[in-house]
Structures are given as structure tokens and as C-alpha cells.
Amino acid sequence: MLTRRLVILAAPLLAAGCAVRPEAPDTAGPLTLPEVFTGEVRGRGVFRVDLTGAERRFTARLHGRMQGERLIVAEDFLYDDGQTGRLTWVFEPAGPGRWTGRREDTVGLAEVVEEGETIRMEYTADFESLDGVTRLAFSDVIYRAPGGLVINEAIVRRWGIPVGRVRFEMTRA
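Residues numbered from 1 in each chain as written. Predicted model: local features only at pLDDT ≥ 70, side-chain atom pairs only at ≥ 80, totals over all residues. Heavy atoms only, no water.

**A look at the pattern of salt bridges**
- According to the stated counting rule, one finds 14 salt bridges in the structure shown.
- A salt bridge links glutamate 55 to arginine 48, with the nearest nitrogen and oxygen atoms 2.7 Å apart.
- The exposure class assigned to glutamate 55 is partly exposed, which follows from its relative accessible area of 42%.
- Judged by its relative accessible area of 34%, arginine 48 is partly exposed.
- With a closest N to O distance of 2.6 Å, glutamate 92 and arginine 70 form a salt bridge. Residue glutamate 92 is found in strand 4 (residues 84-93), and its partner arginine 70 is found in strand 3 (residues 70-79); the two are separated by 22 residues along the sequence. (Salt bridge = Lys/Arg side-chain N within 4 Å of Asp/Glu carboxyl O. Buried < 20%, exposed > 50% of the residue type's maximum accessible area, 1.4 Å probe, protein only. Helix = DSSP H or I, 4+ residues; strand = E, 2+ residues; numbered from the N terminus.)

Rendered as C-alpha cells:
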């Protein structure tokens, strides 16, 4: 069990070993949010806890559609432990190459920036698991890998400390 004192003492060590933003490797061309999420997309992912090495795997089916200038993306999740869930993003344009977004579990708005060959997204969400609800901050980078796969990698923080990573690999259905 982690005590408050252990978290305070370990925080500098954890922070020193973990990046705050994921880096995108070589990419295979520019992306936009609607290009990635409009239509049917399927993928597999894993959530890894840095401190323990524990993993939680999942699959997801995404369906995105434009409604005027708004992008709506429904995500249906199936976790390997049997838990299922549905979350729906609603993204609004916020200027050239910029979006804001919200879904049922976000706290405030997600900030999204299209940066040529990558899309960066920052948001806080109340993450539900079989153990309850945990508030987590996500720093995502989305990029196209060679071969057409689209990758979403995220660094996950709790109380400002990097605690885990997510990797989600997407393909068109």
C-alpha cells in the first residue's frame, strides 16, 4: 500500500524517470483529427502502470462523424477482464489546427493541437475500473506509423506524477 509519505519521497525519482509528453517516432505523413476519427476505426491497446509493471489490455471500436463543424466520436471498449464501456467525444474547432473536446468522464475540456504529422491532446478524466474511479491526466500524441497504422500513445499522470502509459493502435474497419 502506498502511503502519502512514500509518494512524496518517491515523486522526484518517478518524475525524473518519466517523460511528461510522449514523443512521436518517425511518422508517415500529416494528420488531422477528422481524418483519424471519421468513419469506422478498430484498435487494440494496453494501459501499463510504470511502478508495478501491471497491464490492462483492451479493444475498442470507434465510430466518428462530422455534424456541421463538430466531430463526434463514439468509443466502445472491451477490456480483457470483461469490463465494457462506451464513451463519446464531442470535439469543437477552436481555431486553425486546434480543437477542444469533452466526453462523459472528462474534467473540463480537452485541448487538441494538430502539429503537422502529429496530434497532441491534453485532458483530465475520471477513469473507471473494477476498483473504482481514479482522476488521471493524459498527455496524448497521435501519429501515423509506416504501413498505415495510426498510433495513440499517452503518458498518464496522477497528482502531477507520471504513473503509467497507454498505447492504442488503430486501423480502419
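**Details of the nonpolar core**
- Formed by 32 residues in total, the largest nonpolar core has its most connected members in Leu33, Val36, Phe37, Phe91, Phe138, Ile142 and Met170.
- Sequence-distant contacts of methionine 170, that is, excluding residues within four places in its chain, are made with Val36, Phe37, Val41, Arg42, Gly43, Ile142, Leu149, Val150, Ile151 and Asn152. (Core = buried A, V, L, I, M, F, W, Y, C linked by side-chain atoms within 4.5 Å. Contact = heavy atoms within 4.5 Å.)

**Concerning the confidence of the model for the protein**
- For the protein, the average pLDDT comes to 86, and 83% of its residues sit at 70 or higher.
- Highest mean pLDDT in the protein belongs to strand 5 (residues 98-102) (98); lowest belongs to helix 1 (residues 4-17) (39).
- Below pLDDT 50 for its whole length, residues 1-18 participates in eleven contacts with residues either more than four positions away or in separate chains. (pLDDT = per-residue confidence, 0-100.)

**Quick word on the sheet that holds strand 10 (residues 161-172)**
- Judged by pairing direction, the barrel is antiparallel, and its ten strands sit side by side in the order 1-2-3-4-5-6-7-8-9-10 before closing back on the first. Mean inter-strand twist for the sheet, computed between neighbouring axes without regard to direction, equals 25°.
- When strand 9 (residues 150-158) meets strand 10, the two strands line up antiparallel, connected through nine bridges. Paired with valine 156 across the strands is glycine 164, a residue of strand 10. (Pairing = 2+ DSSP bridges. Axes fitted to C-alpha atoms, helices over the stretch in contact; angles between N-to-C directions.)

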